[in-house]
Amino acid sequence: MSAMRALLVLLLLALPAQAQAPLHGGPIRALAVAADGTIATGGFDQSVILWPARTILRWHEGAVAAVIALPAGGFASAGEDARIALWQTGPVPIHVLEGHTAPIAALAAHGDILASAGWDATVRLWPPSGETRVFTGHTGPVTALAFLPDGTLASAGYDGTIRLWPTGQILADTGLPLNALIALPDGTLAAGGADGAIRLLGRDPRTLPASARPIAALAATRDGATLAAASLGGAVTLWSLAEGRLIHTLDGPGLPVWSLGFAPDGATLWTGGADRQLRRWDVATGRGFGPFTETPDAPHPAAFRACSACHTLTPGGPAMAGPTLAGILGRRMGTLPGYRYSERLARGDTTWTRETIADLFTRGPETVLPGTRMPEQVVSDPEDLAALLDYLEAASR
């Protein structure tokens, strides 16, 4: 089971639309803001959502780890399924790019050139015509990409290096895994990684102590004046780069923040993370728009907590990593309309009963349904298993 899938077992909260909008059925891993203000979010629930239209695009067969706005319009998304989807306005991609042999972790665009990188340790350039160029040199997953203003591509990865392409020149070797890389208008590169520091590489090299926890994402306003850094500890810091001064520390829910994006005018910062919410912040004051109140989960057995990260019990419920469990008893697996099942579940050769669900959580999904996308988990306590079955039976009435 991949690390991306394992993270789907996080418990997630739902918050009101005034401060943020209820979103994905898993953490928001990627976020991009287009020039017209349209926002695209990519989640561990395998979906891309466009805002403010709230258009849900379900096509990927794995967690979506990278989303970018394309210069000519539309978006590109990629992730665990190692494929890149190019989107315009329709419900299916207008083009699909394939070639990576492992999950894709990063995308970048410059003019009509698209770049990608991932866990296969390669960096790839996808020109609109001609053959794809594949660059090797990193010795581990490549997790971040950025085009400099002159079109030079920079990459960063778990091997701690920042490299320039097509030469492969090592610009810096931090000795620490790197997760984020952005290019500023003056040609400065900003990188963030395991030690929580922001490294600025350019005419005025500096290090900013942004967080005590690893940095997961960086973003900057279009003029390069303000930089935002998100950490796995949940902190988001805003910096004035001219002075290297901390402006604000944003007070969020304390869960990892995976993605950032400034509105075109730089007045608003959007964030997404483990609480699956798209949050909106006033850059000038550092405050969220509207009250941050939470809707508590309905009481349920302890064994259902992992299920609730991927499933709802509401008929026709919100887009999540798995289909709704409403009416699960008596339903053949893989038959709920509107959900893209894994090949194994799509066979529909099992009916969900107390006995088959008990078997699933006694032996584990990977044993009972090899090839399923369900995270591996078992319920070893007989009382917990009985409580889970009673709860699902009641929800099926």
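These notes cover the structure that comes with them. Please read these numbers as outputs of a predicted model, since none were measured by experiment.

Attention shifts here to the packing of helix 4 (residues 354–363) against helix 6 (residues 382–395). Relative placement of two packed helices is described by the angle separating their axes and the distance separating the axes. Between helix 4 and helix 6, the shortest axis-to-axis distance is 11 Å and the interhelical angle comes to 135 degrees. As the angle between them shows, helix 4 and helix 6 are arranged oblique. The handedness of the crossing between helix 4 and helix 6 comes out as right-handed. Note on element contacts: helix 6 touches helix 4 through L385, A386, L388, L389, D390, L392 and E393, opposite R354, I357, A358, F361 and T362. When its residues are assigned to classes, the contact of helix 4 with helix 6 shows eight nonpolar, one polar and three charged.

Moving on: the packing of aromatic side chains. Using the criterion set out here, one finds three aromatic pairs in the structure. Taking the centre distance of 5.5 Å and the plane angle of 75 degrees together, the rings of W119 and Y158 count as edge-to-face. In this pair, W119 sits in the loop between strand 11 (113–118) and strand 12 (122–126) while Y158 sits in the loop between strand 15 (153–157) and strand 16 (161–165), placing the two residues 39 residues apart along the sequence. Here W119 falls in the partly exposed class, since its relative accessible area comes to 39%. The interplanar angle of 5 degrees and the centroid separation of 5.3 Å between the aromatic rings of F135 and W165 together place this pair among those described as stacked. Taken together, the positions of F135 in strand 13 (residues 133–136) and W165 in strand 16 put the pair 30 residues apart, joining distant regions of the chain. Both residues of the pair, F135 and W165, count as buried. The lysine or arginine in question, R83, covers the ring of W59, its NZ or CZ lying 4.0 Å from the ring centre.

Cut-off values and rules
- Residues numbered from 1 in each chain as written.
- Predicted model: local features only at pLDDT ≥ 70, side-chain atom pairs only at ≥ 80, totals over all residues.
- Heavy atoms only, no water.
- Axes fitted to C-alpha atoms, helices over the stretch in contact; angles between N-to-C directions.
- Helix = DSSP H or I, 4+ residues; strand = E, 2+ residues; numbered from the N terminus.
- Parallel < 35°, antiparallel > 145°, perpendicular 65-115°, else oblique.
- Left-handed = near helix turned anticlockwise from the far one by under 90°.
- Contact = heavy atoms within 4.5 Å.
- Nonpolar A, V, L, I, M, F, W, Y, C, P; charged D, E, K, R; others polar.
- Phe/Tyr/Trp six-rings, centres within 6.5 Å; stacked < 30°, edge-to-face > 60°.
- Buried < 20%, exposed > 50% of the residue type's maximum accessible area, 1.4 Å probe, protein only.
- Lys NZ or Arg CZ within 6 Å of the ring centre and 35° of its normal.

Take it as geometry only, folks, not as evidence of what the structure does.
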